[in-house]
Amino acid sequence: MPDGTSKRIDGRAISDEITKGISKQVQILKEAKITPGLAAILVGENPASKIYVKNKRKACQDTGIYFEEYNLPLDTTQGRLYSLIDKLNSKNDINGIIVQLPLPKHLDEKRITSRVACDKDVDGFCPKNAGLMLQGSYRLLPCTPAGIMELLRHENIKTEGKFSTVIGRSNIVGKPMAILLLHADSTVTICHRKTKNLKEICLKSDIIVCAAGKAGLITGDMVKKGAIVIDVGMNRDSNGKIVGDVLFDEVSKKASHITPVPGGVGPMTVAMLLKNVITATFLQNPHVPLKFNRY
Ligand code: GUN
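So, how was this worked out
Residues numbered from 1 in each chain as written. Predicted model: local features only at pLDDT ≥ 70, side-chain atom pairs only at ≥ 80, totals over all residues. Heavy atoms only, no water. Helix = DSSP H or I, 4+ residues; strand = E, 2+ residues; numbered from the N terminus. Rg over C-alpha atoms; globule rule 2.2 N^0.38 Å. Buried < 20%, exposed > 50% of the residue type's maximum accessible area, 1.4 Å probe, protein only. Contact = heavy atoms within 4.5 Å. Areas by Shrake-Rupley, 256 points an atom, 1.4 Å probe, with all protein chains shown as cover. Lys, Arg positive; Asp, Glu negative; His and termini not counted. Charge placed at Lys NZ, Arg CZ, Asp CG, Glu CD. Near = heavy atom within 4 Å. Polar contact = N/O pair within 3.5 Å; in protein donor to acceptor, adjacent residues only side chain to side chain. Nonpolar A, V, L, I, M, F, W, Y, C, P; charged D, E, K, R; others polar. Salt bridge = Lys/Arg side-chain N within 4 Å of Asp/Glu carboxyl O.

Here we take up the overall build of the chain. From N to C terminus, the chain includes 10 helices and 11 strands. Taken against the 2.2 N^0.38 rule, which gives 19 Å for 295 residues, the C-alpha radius of gyration of the chain at 19 Å falls within 12% of a compact globule. Principal-axis analysis of the C-alpha atoms places the extent of the chain at approximately 55 × 45 × 35 Å. The buried share of the chain, reckoned over its 295 residues, is 51%. Sequence separation of 24 or more characterises 69% of the internal contacts of the chain that already satisfy a separation of 6 or more. As displayed, the chain offers around 14,000 Å² of accessible surface, 53% of which is attributable to carbon and sulfur atoms. Averaging the coordinates of the 42 positive side-chain charges in the chain and doing the same for the 29 negative ones gives two points 2 Å apart.

Quick look at the structure:
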């Protein structure tokens, strides 16, 4: 592909398509007298988390999914959070539960996300769902990596035999992303804060997924011509504008495909959350014939 003609992957349009399918699934469930329900728990006042939860609420409203939001104060104790999760675990009108991350420092994120019943774990964070994913048996997958795989599939981008680099090693994005790419027959490298030769590794990569959370980390001279670049970053620049980890203008002159921020990966994360709510609802209602394409 000649310089300057990289394809901007429109995550918003792709997520809209998926969301239409979700609305149909909601209808099928409603005909069986089941309304899928999602509960979101937000602790404290993190402005980015508030926006994410607001987007999730809107997506549920648009598709007919019932939504409950629990806003807890910053000084909420581990015990208080456990009792809320326990209550939601046994609530019949709630099929999916998310605890918005990051949590305040005094709370134990791993224990709290593991408290969510695995059948309602629409983030795919609990040890059972994460372990099954590791073994290649997909049940409820973490939303951002699942959304990126969906973007690649939609754009007909083959991963088999490709050299893929994931930057970031979080439990939410980096690690599960690397596993999904590995299962899709990519040769995968994971880079992180301590990686010494990031540029060299990126220059060899056919696919780069950057989830470092550092504005401007990936520059044009780090990307091979024709590479696929997926930007998971969501940062604010000095003017308060939302930017990714990738310098879009420079990198789009080299890449064959690139995701913008905003409008790339973000909407796909929300679409995959809705998909997980539907999957979880079917898991909890095995008598309803599954007319849904799971992973
Ligand atoms: N914070 C940032 N991304 C996510 C996500 O996918 N799920 C949850 N629960 N919190 C997040």
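Moving on from the coordinates now.
Inspection of the secondary structure puts valine 246 in the loop between strand 10 (242-243) and helix 9 (248-251). Taking the relative accessible area as the measure of exposure, valine 246 reaches 7% and is therefore buried. Residues valine 246 and alanine 13, spaced 233 residues apart in sequence, show a C-alpha to C-alpha distance of 21 Å. Not counting residues within four places of it along the chain, the set of residues in contact with valine 246 comprises Cys210, Ile218, Val229, Asp231, Val251 and Ile258.

A separate point is the site of the ligand. The immediate surroundings of the ligand are formed by Val99, Gln100, Leu101, Asp123, Phe125 and Ile172. Note that a nitrogen atom of the ligand is positioned 2.8 Å from one of the backbone N or O atoms of valine 99. Contact between the ligand and aspartate 123: a nitrogen atom at 2.7 Å from a side-chain N or O atom of the residue. A total of 280 Å² of accessible area belongs to the ligand in isolation, and the protein chains cover 84% of it. Among the residues making up the shell around the ligand, the classes are represented as four nonpolar, one polar and one charged.

Turning our attention to helix 7 (residues 174-183). Within helix 7, seven of the 10 residues are buried, which leaves it mostly tucked inside the rest of the structure. Within the sequence span of helix 7, burial applies to Gly174, Pro176, Met177, Ala178, Ile179, Leu180 and Leu181. Directly after helix 7, the chain includes aspartate 185, whose backbone phi takes a positive value near 70 degrees.

So, about the pattern of salt bridges. Summed over the entire model, instances satisfying the criterion amount to 11 salt bridges. Here aspartate 62 ties to lysine 58 by a salt bridge, and the two come within 2.7 Å at their closest N and O atoms. Here aspartate 62 pairs with lysine 58, and both are found in helix 2 (residues 47-63), just four residues apart, close to one helical turn. Under the relative-accessibility criterion, lysine 58 is labelled partly exposed at 49%.

One can find lysine 120 in the loop between helix 4 (109-115) and helix 5 (127-134). Engagement of the side chain of lysine 120 in a polar contact is seen with the backbone oxygen of asparagine 89, the distance being 2.9 Å.

Moving on to unusual backbone geometry. A cis amide bond links leucine 101 to the next residue, proline 102, at an omega of 5 degrees. Residue placement: proline 102 occurs in the loop between strand 4 (96-99) and helix 4. Phi angles above zero are rare outside glycine, and lysine 33 is one such case at about 65 degrees. Residue position: lysine 33 is located in the loop between helix 1 (11-31) and strand 2 (37-43). Of the residues examined, lysine 33 reaches a relative accessible area of 76% and is grouped as exposed.

Any functional reading would require information that these geometric values do not contain.
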